[in-house]
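This is what each chain is made of:
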Amino acid sequence: AAGVIQSPRHLIKEKRETATLKCYPIPRHDTVYWYQQGPGQDPQFLISFYEKMQSDKGSIPDRFSAQQFSDYHSELNMSSLELGDSALYFCASSNQYSDTQYFGPGTRLTVL
Amino acid sequence: SQELEQSPQSLIVQEGKNLTINCTSSKTLYGLYWYKQKYGEGLIFLMMLQKGGEEKSHEKITAKLDEKKQQSSLHITASQPSHAGIYLCGADIHAGGTSYGKLTFGQGTILTVHP
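What comes next concerns the included structure. Please read these numbers as outputs of a predicted model, since none were measured by experiment. (Residues numbered from 1 in each chain as written. Chains lettered and ligands numbered in written order. Predicted model: local features only at pLDDT ≥ 70, side-chain atom pairs only at ≥ 80, totals over all residues. Heavy atoms only, no water.)

**Observations regarding the overall build of chain A**
Argument step 1. Broken down by element type, chain A carries 0 helices and 11 strands.
Argument step 2. If you list the helices and strands of chain A from N to C, you get β-β-β-β-β-β-β-β-β-β-β.
Argument step 3. Taking 2.2 N^0.38 as the reference for a compact globule, 112 residues should give roughly 13 Å; the C-alpha atoms of chain A span a radius of gyration of 13 Å, in line with that estimate.
Argument step 4. Burial statistics for chain A: of 112 residues in total, 48% are counted as buried.
Argument step 5. Excluding contacts between residues fewer than 6 apart, the proportion of contacts in chain A whose partners are at least 24 apart in sequence is 52%.
Argument step 6. Of the accessible surface of chain A, which amounts to about 5400 Å², a share of 49% is contributed by carbon and sulfur atoms.
Argument step 7. Considering chain A, the positive charge centre built from 10 side chains and the negative charge centre built from 12 side chains are found 6 Å apart. (Helix = DSSP H or I, 4+ residues; strand = E, 2+ residues; numbered from the N terminus. Rg over C-alpha atoms; globule rule 2.2 N^0.38 Å. Buried < 20%, exposed > 50% of the residue type's maximum accessible area, 1.4 Å probe, protein only. Contact = heavy atoms within 4.5 Å. Areas by Shrake-Rupley, 256 points an atom, 1.4 Å probe, with all protein chains shown as cover. Lys, Arg positive; Asp, Glu negative; His and termini not counted. Charge placed at Lys NZ, Arg CZ, Asp CG, Glu CD.)

Shown next, in the form of structure tokens:
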């Protein structure tokens, strides 16, 4: 069965650079969630989209923005990167028929 | 403080032993999810519990939800090295009744199974 796809899987950036993370939800899933997991920490919710509209917002820095496109894929844009942004970034998707969020493999972002 | 508390934080067992991981919420639980994570990898969905008293099993893993106690337990019978990993409980404790909102996670339980 198709799963959530995230790209890239690994990303290395310098401080103050910009990064774009992409998420392709499971086919026919209309809701996308973004989570950030720091080293040794539990995942923290950043933002979610339902039918291309922002549906909920968590502890997402103002330097970050995200959107969901007409094909339901989502992108997380991160600017002015800081060392503390180094983390695993997960995307999850769900649909109106199943409340379960299915997670992608994550993008490991390292900021040097 | 953590809204979802997991215990124990780590667990080392011998292969073949049974074990239980608990997840306690400080708020009303409307739905509880169990995920498994290998270090540095994605979260694998295990089970979802929605109703008080609900119990689900998959292979050797059983999860229960005690709505009154705002608690869920994950029990593994006859553990195997393949069960090793980080077990995370997650819940929608904000929107009330749906998971269209964010999931809040426990801090995870690191399970090691010695052959």
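Further notes follow.
**So, the pairing of strand β11 (residues 109-114) of chain B**
All names here are of chain B.
Argument step 1. The side-chain alternation of β11 yields one buried face, formed by Thr109, Leu111 and Val113, and one unburied face, formed by Ile110, Thr112 and His114.
Argument step 2. Pairing of strand β9 (residues 85-91) with β11, which is carried by 3 bridges, proceeds in the antiparallel orientation. By the bridge assignment for β11, isoleucine 86 is matched with isoleucine 110. (Pairing = 2+ DSSP bridges.)

**Let's talk about the packing of aromatic side chains**
Argument step 1. Enumeration over the complete set of coordinates arrives at 11 aromatic pairs over all chains.
Argument step 2. With a centroid separation of 5.7 Å and 70° between ring planes, the pair formed by A:Tyr35 and A:Phe45 is classed as edge-to-face. In this pair, A:Tyr35 sits in strand β4 (residues 31-37) while A:Phe45 sits in strand β5 (residues 44-50), placing the two residues 10 residues apart along the sequence. Across the pair, A:Phe45 and A:Tyr35 agree in class, each one buried.
Argument step 3. When the ring of A:Tyr35 is compared with that of B:Phe105, the centres are 5.7 Å apart and the planes differ by 80°; the resulting orientation is edge-to-face. In this pair, A:Tyr35 sits in strand β4 while B:Phe105 sits in strand β10 (residues 104-105), so the two residues belong to two different chains. In this structure, A:Tyr35 and B:Phe105 share a single accessibility class: buried. (Phe/Tyr/Trp six-rings, centres within 6.5 Å; stacked < 30°, edge-to-face > 60°.)

**Side note on the state of the cysteines**
In protein structure, a disulfide is the covalent linkage between the sulfur atoms of two cysteines.
All names here are of chain A.
Argument step 1. Inspection of the entire model under this criterion finds 2 disulfides over all chains.
Argument step 2. Two residues, cysteine 23 and cysteine 91, share a disulfide whose sulfurs are 1.7 Å apart. On the sign convention where negative is left-handed, the bridge of cysteine 23 and cysteine 91, at about -50° about the S-S bond, is left-handed. Taken together, the positions of cysteine 23 in strand β3 (residues 19-24) and cysteine 91 in strand β9 (residues 87-95) put the pair 68 residues apart, joining distant regions of the chain.
Argument step 3. When its relative accessible area of 0% is taken as the criterion, cysteine 23 is described as buried. (Disulfide = S-S within 2.5 Å.)

**Remarks on the side chain of B:Ser25**
Residue and element names in this part refer to chain B.
Argument step 1. Checked against the element boundaries, serine 25 lands in strand β3 (residues 19-25).
Argument step 2. Looking at serine 25, the relative accessible area reads 6%, which means it is buried.
Argument step 3. A distance of 2.6 Å separates a polar side-chain atom of serine 25 from the backbone oxygen of lysine 27.
Argument step 4. Setting aside anything within four residues of it in sequence, one finds serine 25 in contact with Glu3, Leu4, Gln70 and Ile93. (Polar contact = N/O pair within 3.5 Å; in protein donor to acceptor, adjacent residues only side chain to side chain.)

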